[in-house]
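Observations on the three-dimensional arrangement
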Amino acid sequence: MAALFNKISLFCYLVAFCISCNYNTEEITYAEHIAPIVNVHCVGCHQPNEGGPFNLISYNDLAKRSKMIAHVTKIKFMPPWLADPNYSQFANQNILSEEQIKLFQLWHKQGAKLGDTSKHKIKPIVLRKNNKNYLELDIEPVFIKGNHGDNFFYIKVPIEIPQDSFVRMVEFIPGKPKLVHHVNGHLILLPLDDTSNIFNTRRIVDIHSPDFEKHIEEMGLYINPFEKRIHSAVNYLPGVRGFLYPQGIGGYPLSKKAYFVLKDIHYGPSEKDQIDSSKLRIYFGSKPPERPILETMLGTNGISKINPLLLVEAGKIQKFTTKAFIPEDISILTINPHMHLLGKSFKAYAVKPNGDTIPLVYIPKWDFRWQYYYTFKKMLKIPKGSTIFVEAIYDNTTQNPNNPNKPPKNIAERMLFGGSSMRTSDEMLQFIISYLPYQEGDENTSLQ
Ligand code: HEC
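1. Observations concerning the overall build of the protein
- Check the secondary structure of the protein and you find six helices and 21 strands.
- Looking at the 448 residues of the protein, the share that counts as buried comes to 49%.
- Of all intrachain contacts in the protein linking residues separated by at least 6 positions in sequence, the fraction that spans at least 24 positions is 83%.
- Here the protein displays about 22,600 Å² of accessible surface, and carbon together with sulfur accounts for 55% of that area.

In structure tokens:
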């Protein structure tokens, strides 16, 4: 047995040695090795009018930053992707292989060479194009103080159209892409007989404002039993705009009078005062979706209780769980784990009636800045009678660099005290699932 192990480990060693010796002797160049990786994994964000802080388009863009690039790829800070690919895989994932990471290291070490561009033709980079088939709404301009701090706002974006209609997708178009970090917005549909002037209310509130609660009320954002609310109607992260599902799936109705609520729109730190004027682009559909997407939410404001109550004690690392029973066969499209600044890790899975586990998502190292909507490669069937479990760990110690309180304070879900709105410095635990009632063959339907 021991001899067999020795042989296996010798073999592994030789394979590993050969892979590295190959690259160590081979010349790694931009033209042959680096450009093809960057064009797929980096340029989506590192181009003009996108969220990356600089372009990574030309050889020079990369060569002068080869050291920093070698570093951020090695520590897996870039490309940003929090979900563990060994646990579950997604259509929109952006992950470098170990071999690609190694190529960045070697390229830098060998002096970031251009290489032979006549032999290795560099494919022209395709920048994001706009088609013009949308309605554009201006969002209230936001004043960002140059105080090096993160800023969070609630913004209301009213819309009135001549008749009820259907929307396939809404995109958030940042005015200052280097500044806007993430956006998640609901759509609120007002009843036909609504007589209010939706353009006549306050549109924006800073969540740190002392009058936050009052302003939220003035904006009409407290949940109203007569309205219809479509969660996550618009989402944005650097590099991530709308996601279009296959034809016939997704989209939602838009009533004559409605408004979007961009909740917790997050602006990163700025050193100088700036004004951001962002927009929403609404893409209409010609007919109602055959299969409208449904959404459910576990945890805060959702269908399931958090256990124990979400109160994260100062100085402690604590685990909270929530679970929900699935009464019908469903096909999951997209999931969104949500916590705030004290989040440490997040795991969700389903357990089938026969006891088998279906992994959903595992985020070993939470970072509130990358609130992804994770879309499965194919629709994921969860059979009737399954239970979805969520396990979230929060770190309210001084070891957590994002802890807003130094020294740490007890932090609770605002709901516990009868509030209804969420500040980023409060905590939340949510797991949002968008799904369809299951149809035969869904598990083979690609979402890519
Ligand atoms: C989803 C969008 C996105 C993708 C994809 C992406 N980046 Fe970035 N990158 C950003 C943003 C946003 C920042 C600024 C982050 C911050 O300051 O927290 C950034 C910062 C950086 C930085 C500066 C880090 C620092 O400490 O200042 C480097 C270098 C970088 N990216 C390289 C890359 C490379 C190389 C790739 C591809 C392998 C890549 N990025 C892919 C959005 C992206």
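2. Things to note about the site of the ligand
- The environment of the ligand is made up of 21 residues, and the closest members are Cys-42, Cys-45, His-46, Met-78 and Arg-369.
- Take Arg-369: an N or O atom from its side chain is 2.8 Å from an oxygen atom of the ligand.
- Among the elements that take part in the shell around the ligand, helix H4 (residues 66-74) stands out by supplying three residues, more than any other.
- By residue class, the composition of the shell around the ligand is 15 nonpolar, five polar and one charged.
- When we break the shell around the ligand down by domain, the ones giving at least three residues each are domain 1 (2-109) and domain 3 (295-444).

3. Here's the deal with the packing of aromatic side chains
- Throughout the structure, instances matching the rule amount to 17 aromatic pairs.
- Ring centres of Phe-320 and Tyr-394 lie 5.6 Å apart, and the angle between their planes is 80 degrees; on these two criteria the pair is classed as edge-to-face. Of this pair, Phe-320 sits in strand S14 (residues 317-326) while Tyr-394 sits in strand S19 (residues 386-395), and the two are 74 residues apart along the sequence. Both residues of the pair, Phe-320 and Tyr-394, count as buried.
- An aromatic cluster of at least three residues, connected via ring pairs, comprises Trp-81, Phe-90, Trp-370, Tyr-372, Tyr-374 and Phe-376.

4. Things to note about the confidence of the model for the protein
- Per-residue confidence for the protein gives a mean pLDDT of 87, with 90% of residues at or over 70.
- Segment residues 13-21: pLDDT under 50, and one contact once partners within four positions in sequence are set aside and those in other chains are kept.
- Within the model, pLDDT remains below 50 along residues 416-422, and this stretch shows 17 contacts once partners closer than five positions in the same chain are excluded.

5. Digging into the nonpolar core
- Residues Ile-332, Ile-335, Phe-346, Leu-360 and Phe-431 are the most contacted members of the largest nonpolar core, which totals 55 residues.
- When neighbours within four sequence positions are excluded, Ile-335 is seen to be in contact with Phe-90, Leu-360, Val-361, Tyr-372, Tyr-373, Tyr-374, Phe-376, Phe-431, Ile-432 and Ile-433.
- Leu-137, Val-180, Leu-187 and Ile-204 belong to the second-largest nonpolar core, a separate cluster that totals 31 residues.

6. A closer look at H4
- Of all the positions in H4, only Ser-66, Ile-69, Ala-70, Val-72 and Thr-73 are classed as buried.
- Buried residues along H4 sit against helix H3 (59-63) and helix H5 (98-109).
- Trailing H4 by a residue or two, Lys-76 shows a phi angle of about 60 degrees, which is positive.

7. What to know about the sheet that holds strand S8 (residues 252-254)
- Strand order across the open sheet formed by four strands is S1-S11-S4-S8, with antiparallel pairing between neighbours. Two strands lie at the open edges of the sheet, namely strand S1 (135-138) and S8, each paired on one side alone. Along the sheet, successive strands turn relative to each other by an average axial angle of 45 degrees, direction set aside.
- Of the strand pairs in this sheet, strand S4 (residues 165-173) and strand S11 (residues 279-284) are connected by six bridges, and their pairing is antiparallel. Opposite Met-169, over in S11, you have Tyr-283 as the bridge partner.

8. Brief notes about the pairing of strand S5 (residues 180-189)
- Counting buried positions over the ten residues of S5 gives ten, a clear majority of the element.
- Relative to strand S9 (residues 257-267), S5 runs antiparallel, the two sharing eight bridges. Within S9, the position partnered with Gly-185 by the bridge is Leu-262.
- When S5 meets strand S7 (residues 228-236), the two strands line up antiparallel, connected through six bridges.

9. Section: unusual backbone geometry
- Met-78 connects to Pro-79 through a cis peptide bond whose omega is -15 degrees.
- On the secondary structure map, Pro-79 appears in the loop between H4 and H5.
- Of note, the amide linkage connecting Lys-406 to Pro-407 takes the cis form, showing an omega dihedral of -5 degrees.
- Counting through the fold element by element, Pro-407 comes out in the loop between S19 and strand S20 (411-412).
- With a phi close to 60 degrees, His-148 is a non-glycine residue in the positive phi region.
- For His-148, the location among the structural elements is in the loop between strand S2 (142-144) and strand S3 (151-160).
- Despite not being glycine, Asn-301 has its phi angle at roughly 65 degrees, a positive value.

10. Observations concerning the side chain of His-215
- Mapped onto the secondary structure, His-215 falls in helix H6 (residues 212-218).
- Those residues in contact with His-215 that sit more than four places away from it in its chain are Arg-202, Val-205 and Ser-209.

11. Section: the sheet that holds strand S12 (residues 294-299)
- Spatial ordering of the open sheet is given by S12-S21-S15-S18, a layout of four strands whose pairing is antiparallel. Every interior strand has two partners, whereas the edge strands, S12 and strand S18 (374-382), have only one. Within this sheet the neighbouring strands show an average axis-to-axis angle of 30 degrees, counted without direction.
- Judged from the six bridges that link them, S12 and strand S21 (residues 430-437) form a sheet pairing that is antiparallel.

Conventions adopted
Residues numbered from 1 in each chain as written. Predicted model: local features only at pLDDT ≥ 70, side-chain atom pairs only at ≥ 80, totals over all residues. Heavy atoms only, no water. Helix = DSSP H or I, 4+ residues; strand = E, 2+ residues; numbered from the N terminus. Buried < 20%, exposed > 50% of the residue type's maximum accessible area, 1.4 Å probe, protein only. Contact = heavy atoms within 4.5 Å. Areas by Shrake-Rupley, 256 points an atom, 1.4 Å probe, with all protein chains shown as cover. Near = heavy atom within 4 Å. Polar contact = N/O pair within 3.5 Å; in protein donor to acceptor, adjacent residues only side chain to side chain. Nonpolar A, V, L, I, M, F, W, Y, C, P; charged D, E, K, R; others polar. Domains from an automatic or database assignment. Phe/Tyr/Trp six-rings, centres within 6.5 Å; stacked < 30°, edge-to-face > 60°. pLDDT = per-residue confidence, 0-100. Core = buried A, V, L, I, M, F, W, Y, C linked by side-chain atoms within 4.5 Å. Pairing = 2+ DSSP bridges. Axes fitted to C-alpha atoms, helices over the stretch in contact; angles between N-to-C directions.

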